[in-house]
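Structural description and commentary
Take a look at the letters that make up each chain.
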Amino acid sequence: MRVVVQNDINRSYGTRGTRRRRAGVRGALAALALAAAVSGCTQPGGADKPAPPAHGAQPLHAPPARALDSYASRLRAAYAARVAAAKRWGLAKVPLQAPPAPAHKPEITARKGFEVDDQEELNLPPVFTTVPTKQKIVFLTIDDGENKDPAFLRMMSDLKIPYTAFLSNYLVKDDYGYFKKMQAEGHTLNNHTLTHPYLPGLSYAEQKREICGMQDIMKKQFGQAPTVFRPPYGNYNHDTLVAAKSCGIKYAPIWDEEVYVDHWEYREDDRQLHPGDIVLTHFRGRADWNGTMVDDMRRFLGKVTAEGYAVARLEDYL
């Protein structure tokens, strides 16, 4: 009987011990839940749901450290490439990078004194020499297309310098492929007439033929007719702008400075660069200049960089 009693006692003790242990576990879980609730780690509706942030708190959107490190590495590599390119092409300083294209483009109007009759009433393409901006940028434009120097293409590609070409068909028709390479690099090709005549000396019909004819060539050879046109020599009259508009032209930029291999020329009396100035040069080589287009670009980039200017893409501001 004692054995039976002892076994009953053991069973009774084991049951009570188990109950005590279970109660202890439940108590511990309750304590943890209470602590979590007090610390803000849970929210009503379920202990496994994250608590909402405190009022005014903002979620973090910082990229991972590896992404930042990768971005910084790319910047360093890009700058190193520009340094190497500047050295390779004989530049004293690394050309400055242009700021991003403006989200809101400036209003382009005809330069004062460069208007024609009915300029605003007929909404004629404005003739201008400078783009309205306070940023220290200038725009490089290159006219006609006579000289086709492959070293120039390599230089500008290496240095990542944007420019706009104004083409005359009689000078480019022997090698459209050269300018297609230029276009493939992201440079814009624009209208400079079929034969580069003095337009004010022509009739309206003749001027329209020169401008619209080049529009047709541009569309056929380069895939699109441009909306930007430069009159040869910077000369134009009322008929020029009326004809240009009828051909789909919206802007007629000329220039404020012109750069040659051995000197600069200026429109303004102060003989200085200004923010937003349009700079002209030509596709020329040793047959016309005492140097090459690469030499010309060294002179151009040397001056603008030394004076704290970057070269921007004209069409980004039109």
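Before reading further, recall that the structure is shown in the block above.
Now for a description of the structure that goes with this document. (Residues numbered from 1 in each chain as written. Predicted model: local features only at pLDDT ≥ 70, side-chain atom pairs only at ≥ 80, totals over all residues. Heavy atoms only, no water.)

**Details of helix H6 (residues 204-222)**
Owing to its 3.6 residues per turn, the α-helix brings residues three or four apart onto one side. Heads up, the rule is: Think of it this way: any DSSP run of H or I at least four residues long counts as a helix, any run of E at least two long counts as a strand, and we number them from the N terminus. To estimate the expected span of a helix, subtract one from its residue number and multiply by 1.5 Å. Exposed residues in this analysis have more than 50% of their type's maximum accessible area, buried residues have under 20%, and partly exposed residues fall in between, with area computed by a 1.4 Å probe over protein chains only. What makes two residues a contact is simply this: any of their non-hydrogen atoms within 4.5 Å.
With 19 residues, H6 should reach 27 Å at 1.5 Å per residue; the first-to-last C-alpha distance of 26 Å fits that figure. Among the residues of H6, those classed as buried are Gln 207, Glu 210, Ile 211, Cys 212, Gly 213, Met 214, Gln 215, Met 218, Gln 221 and Phe 222. Each element contacted by the buried residues of H6 is listed here: strand S3 (164-167), helix H4 (169-172), helix H5 (176-184), strand S4 (188-191) and helix H7 (238-246). Gly 223 sits one or two residues past H6 and shows a positive phi near 95°.

**Details of the packing of aromatic side chains**
Let me state the cut-off plainly: In this scheme Phe, Tyr and Trp rings, the latter by its six-membered ring, pair at centre separations within 6.5 Å, and the angle between planes marks the pair as stacked below 30 degrees, edge-to-face above 60, and tilted otherwise.
Under the defined criterion, the tally for this structure stands at 10 aromatic pairs. On the numbers, 6.4 Å between centres and 85° between planes, the contact of Phe 128 with Tyr 251 is edge-to-face. Here Phe 128, found in strand S1 (residues 127-128), pairs with Tyr 251, found in the loop between H7 and strand S5 (252-253); they are 123 residues apart in sequence, far enough to count as distant. Between Phe 152 and Tyr 163, the aromatic rings sit 5.2 Å apart at their centres with planes inclined by 55°, giving tilted as the arrangement. Of this pair, Phe 152 sits in helix H3 (residues 150-159) while Tyr 163 sits in the loop between H3 and S3, placing them 11 residues apart in sequence.

**Quick word on a negative patch on the surface**
Defined as follows: Each patch is built from residues lacking any salt bridge and having more than 30% relative accessible area; the joining distance is 9 Å for like charges and 5 Å for nonpolar side chains (Val, Leu, Ile, Met, Phe, Trp, Tyr). All accessibility values rest on the Shrake-Rupley procedure with a 1.4 Å probe; residue burial counts only the protein chains present in the view. One side-chain nitrogen of Lys or Arg within 4 Å of one carboxyl oxygen of Asp or Glu is enough to make a salt bridge. We score Asp and Glu as negative and Lys and Arg as positive, and we do not count His or the chain ends. Note that the charge is assigned to NZ on lysines, CZ on arginines, CG on aspartates and CD on glutamates.
Residues Glu 115, Asp 117, Asp 118, Glu 120 and Glu 121 make up a contiguous surface patch of negative charge. Within the secondary structure layout, Asp 118 lies in the loop between helix H2 (65-88) and S1.

**Describing H2**
A rise of 1.5 Å per residue sets the reference length of H2, with its 24 residues, at 34 Å; its end C-alpha atoms lie 34 Å apart and thus fit the reference within 8%. Restricting attention to buried positions, one finds in H2 the residues Arg 82, Ala 85 and Ala 86. Buried positions along H2 lie against H3. The positive-phi residue at the C-terminal boundary of H2 is Gly 90, with phi of around 75°.

**Details of the nonpolar core**
One broad rule of soluble globular proteins: the nonpolar side chains tend to lie buried together. As a reminder of what qualifies: We call a set of buried residues a nonpolar core when its members are Ala, Val, Leu, Ile, Met, Phe, Trp, Tyr or Cys and they connect through side-chain atoms within 4.5 Å of each other.
Membership of the largest hydrophobic core comes to 39 residues, with the highest contact counts inside it found for Phe 152, Met 182 and Phe 300. At the level of elements, H2, strand S2 (137-144), H3, S3, H5, H6 and helix H8 (293-306) are the ones that each hand at least two residues to this core. Residues within four places of Phe 152 in sequence aside, it is in contact with Ile 142, Tyr 163, Tyr 178, Met 182, Phe 283, Met 293, Val 294 and Met 297.

**A word on the environment of Lys 93**
For Lys 93, the location among the structural elements is in the loop between H2 and S1. It is 7.2 Å that separates the C-alpha atoms of Lys 93 and Gly 302, two residues lying 209 residues apart in sequence. Excluding its chain neighbours within four sequence positions, the residues that come into contact with Lys 93 are Ala 86, Thr 305 and Ala 306.

**Digging into the pairing of S3**
If a strand is regular, its side chains alternate between the two faces of the sheet. Cut-off, in case you're wondering: If DSSP finds at least two bridges between two strands, the strands pair. A clockwise course of the path from the first strand over the helix to the second, judged with the strands pointing away from the viewer, identifies a crossover as right-handed.
Of the two faces of S3, both are covered, the one formed by Thr 164 and Phe 166 as well as the one formed by Ala 165 and Leu 167. Judged from the 4 bridges that link them, S2 and S3 form a sheet pairing that is parallel. If you follow Asp 144 over to S3, its bridge partner there is Leu 167. Regarding topology, H3 serves as the crossover connection from S2 to the parallel S3, and that connection is right-handed. With 4 bridges joining them, S3 and S4 adopt parallel strand pairing. From the neighbouring strand, Ala 165 faces S4, where its bridge partner is Leu 189.

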